[in-house]
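This is what each chain is made of:
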Amino acid sequence: MTVRAGADTLDLAEAHRFPNRPVRTPEGLHWDVLALYAGVLDGLRAAGPVDSVGIDGWAVDHGLLDADGALLGNPAHYRDSRTEGVAEQVWATVPARELYAATGIQYAPFNTLYQLVAARSTARFRQARRLLLIPDLLTYWLTGEQGTELTNASTTQLLDPRTGDWAYGLADRLGIDLGLFAPLRRPGDPAGVLRPEVLEETGLRGPVPVTAVASHDTASAVAAVPATGERFAYLCTGTWSLAGLELPAPVLTEESRAANFTNELGLDGTVRHLRNIAGLWLLQECLRAWGDPDLGALLASAARVPELRSVVDAGDAAFLAPGRMPERIAGACRASGQPVPQTPAEVTRCVLDSLALAHRAAVLDAQRLAGRAVDVVHVVGGGARNALLCQSTADALGLPVVAGPAEAAALGNGLVQARALGHVGDLAAMRALLRRTRRTVRYAPRGTTARWRAAADRLAGP
Ligand code: LRH
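Bear in mind that the values here come from a model prediction, so they are computed numbers and not experimental data.

### Details of the packing of helix α13 (residues 295-304) against helix α15 (residues 344-370)
For step 1, the next point in the chain: Orientation of α13 relative to α15, taken along the N-to-C sense of each, is 75 degrees, at an axis distance of 8 Å. Considering the angle they form, α13 stands roughly perpendicular to α15. Contact residues: Leu298, Leu299, Ser301 and Ala302 in α13; Pro344, Ala345, Thr348, Arg349 and Leu352 in α15.
For step 2, the next point in the chain: Looking at the contact of α13 with α15 residue by residue, the class counts come to 6 nonpolar, 2 polar and 1 charged.

Quick look at the structure:
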C-alpha cells in the first residue's frame, strides 16, 4: 500500500497484493516468509518513488537467525500444534496469575513465550543467536539492521507493559535468554535505509529511509481508528476480531485475566486492553472448504437467513486449527442441541451471528473491567466492509457502529511514517485527519438487543 499524507490529504493506493499461504511440512505448519519478502520487493517496485517504507504484520511469530544472521528455516505458524500443553509446563514454574501480573498478556497457546519453550530443545533453537518478529525480520532484510519494535514486542508475553521494557525477572525464572532479542525500538524510530541491493532490485533511487512503525498490525489499525475523545471501543476485524478499549495504562487485575483480556502496547504509550476473538477466520476457512464462492452473493443470502437460529462460541479452541470448518461448526451446533446449519448461507449466518455475540461480550466486559463506558464502537479492518456483521454487532450491543476504514493497518502504518517525516501531528491529529478524509458508514442499533442478550445467555448455559 502507498499512503500520501499531508495537512489535509490522506490518500491510499494499493500498489500490489500477494497471498500469504501457510505451508505444512512434516515438521508442522510454517509461513513461507521468502514468498512474503518477494511480495514486499514486488510491492516496492510497483509503488515507484517513495519517501519512506514501514512494515507491519501479525503478532507473536518470528524467525530465528544463526550467528551469521542467516535465517534458520521457515518461521513456525502460530496455528501449529507444537505449543499444545506448553502453557501448563510454563505455569508450573511461573503461575498464570504471576505471568499476567508481569506481562498483562492473555492466555493464547501461541504466545511467543510458549513458542520459545516449545522450541528450546530443538537443534535449530540451539543454533539460534537472534530472534526477529516477522515485521522486524522483513525490515532486517530490507535494511541490514536489526531491532525489536515495541508494540509487537508486547505480544511476546515477555515485556512489562508498565515500563515498556522486558520483564527481566520473568525471563530469568523461565530460563529465557533475552539476549536473543535485538534492541527495542519505538514506532517512529529510524530502522535504517534500503540496502543498495534492494534499491537495485526494486528500481528505487536511494536513500530511502525505513521507519519502525507500530509494527503489530493491530497497533497500526487502532492508531487509524477515526475516533474522537476516549469514549469509544474498537473492533479490528480480519482473520481475528480484536475488541476492546484504548487506555493510558494496563489493567493487570485478576478479573481482567479471568476475562482473558490482554494489554498490548499501542502508539505513543497507549495500551490496547482487548480480547482476542477468533474472527472472520471461521468464515475464511468455510470459504476455502466451499471452493471460494462469491462472497457478496453469499453474504446477501446469509442476510436472508433468520438471525440467531444457532450460534457457537467463536472463541472455542476447537476452531483454532485450519481444516473442515463447516463440519466443525455444524458439530458444535448439534452438540449444543441447536438447529444444524446446512447450506453455506446458513453456516455463514451462524458464523456472523456468533461473531456479533462475541463482539458484544468483549465490548461489555471491556467497559466493566476498565470502568469506562463507551458511546460508539468503531469497526476497522476487512470486516468493516461486511454490512451484516457491522449491523449485527450494533444490534447485539445496542450501540452505534461506525465502520471504516477497512485498510486501517496500512493507514496507521503510513501515518506514523508521515509523522516521522514531519507531515502530520500526534495521534489526535492523525485521527482528526482520518475523520476529515476517510468515508465511514454508520449502523444504528435496530432495537433488538434483548434478543441478542437472550442468545448470549443461551450460549453461556445455565
Ligand atoms: C492480527 C494479529 C492479532 C494477533 C494475531 C496472532 O493479525 O496480529 O493481533 O493476536 O494476529
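And the narrative resumes.
### Observations concerning the site of the ligand
For step 1, the next point in the chain: The immediate surroundings of the ligand are formed by Trp58, Ala59, Val60, Tyr78, His216, Asp217, Thr218, Gly238, Thr239, Trp240, Leu242 and Asn276.
For step 2, the next point in the chain: Grouping the constituent residues of the shell around the ligand by class yields 6 nonpolar, 5 polar and 1 charged.
For step 3, the next point in the chain: Taken domain by domain, the shell around the ligand gets at least three of its residues from each of domain 1 (2-211) and domain 2 (225-404 + 440-462).

### Here's the deal with the nonpolar core
For step 1, the next point in the chain: Grouped together as the largest cluster of nonpolar side chains are 134 residues, with contacts concentrated most on Ala223, Leu282 and Ala366.
For step 2, the next point in the chain: Of the residues forming this core, the biggest block, 14 residues, is contributed by α15.
For step 3, the next point in the chain: Two domains each provide a minimum of three residues to this core, namely domain 1 (2-211) and domain 2 (225-404 + 440-462).
For step 4, the next point in the chain: Apart from residues no more than four positions distant in its own chain, Ala366 is found in contact with Ala233, Ala243, Gly244, Leu245, Phe261, His273 and Leu274.

### Describing the UniProt feature "domain: Carbohydrate kinase FGGY N-terminal" (unreviewed entry) in the chain
For step 1, the next point in the chain: Feature annotation in UniProt places "domain: Carbohydrate kinase FGGY N-terminal" (unreviewed entry) on residues 50-222, given in this structure's numbering.
For step 2, the next point in the chain: Split by type, residues 50-222 is 36% helix and 13% strand. Its first and last C-alpha atoms lie 24 Å apart.

### Re helix α19 (residues 449-460)
The periodicity of an α-helix, 3.6 residues per turn, causes residues three or four positions apart to be oriented the same way.
For step 1, the next point in the chain: The terminal C-alpha atoms of α19 lie 16 Å apart, and with 12 residues this matches the ideal 16 Å at 1.5 Å per residue to within 8%.
For step 2, the next point in the chain: Positive backbone phi, at 80 degrees, marks Gly461, one or two positions downstream of α19.

### Side note on the UniProt feature "domain: Carbohydrate kinase FGGY C-terminal" (unreviewed entry) in the chain
For step 1, the next point in the chain: Using the residue numbers shown here, the UniProt feature "domain: Carbohydrate kinase FGGY C-terminal" (unreviewed entry) corresponds to residues 233-420.
For step 2, the next point in the chain: The span residues 233-420 carries 46% helix and 18% strand; its end-to-end C-alpha distance comes to 27 Å.

Thresholds, definitions, all that
- Residues numbered from 1 in each chain as written.
- Predicted model: local features only at pLDDT ≥ 70, side-chain atom pairs only at ≥ 80, totals over all residues.
- Axes fitted to C-alpha atoms, helices over the stretch in contact; angles between N-to-C directions.
- Helix = DSSP H or I, 4+ residues; strand = E, 2+ residues; numbered from the N terminus.
- Parallel < 35°, antiparallel > 145°, perpendicular 65-115°, else oblique.
- Contact = placed C-beta atoms within 7 Å.
- Nonpolar A, V, L, I, M, F, W, Y, C, P; charged D, E, K, R; others polar.
- Near = placed C-beta within 6 Å.
- Domains from an automatic or database assignment.
- Core = buried A, V, L, I, M, F, W, Y, C linked by C-beta atoms within 7 Å.
- Buried ≥ 20, exposed ≤ 12 C-beta atoms within 10 Å, placed from the backbone.
- UniProt positions renumbered as here; feature names shortened; annotations may be inferred.
- Expected span 1.5 Å × (residues − 1).

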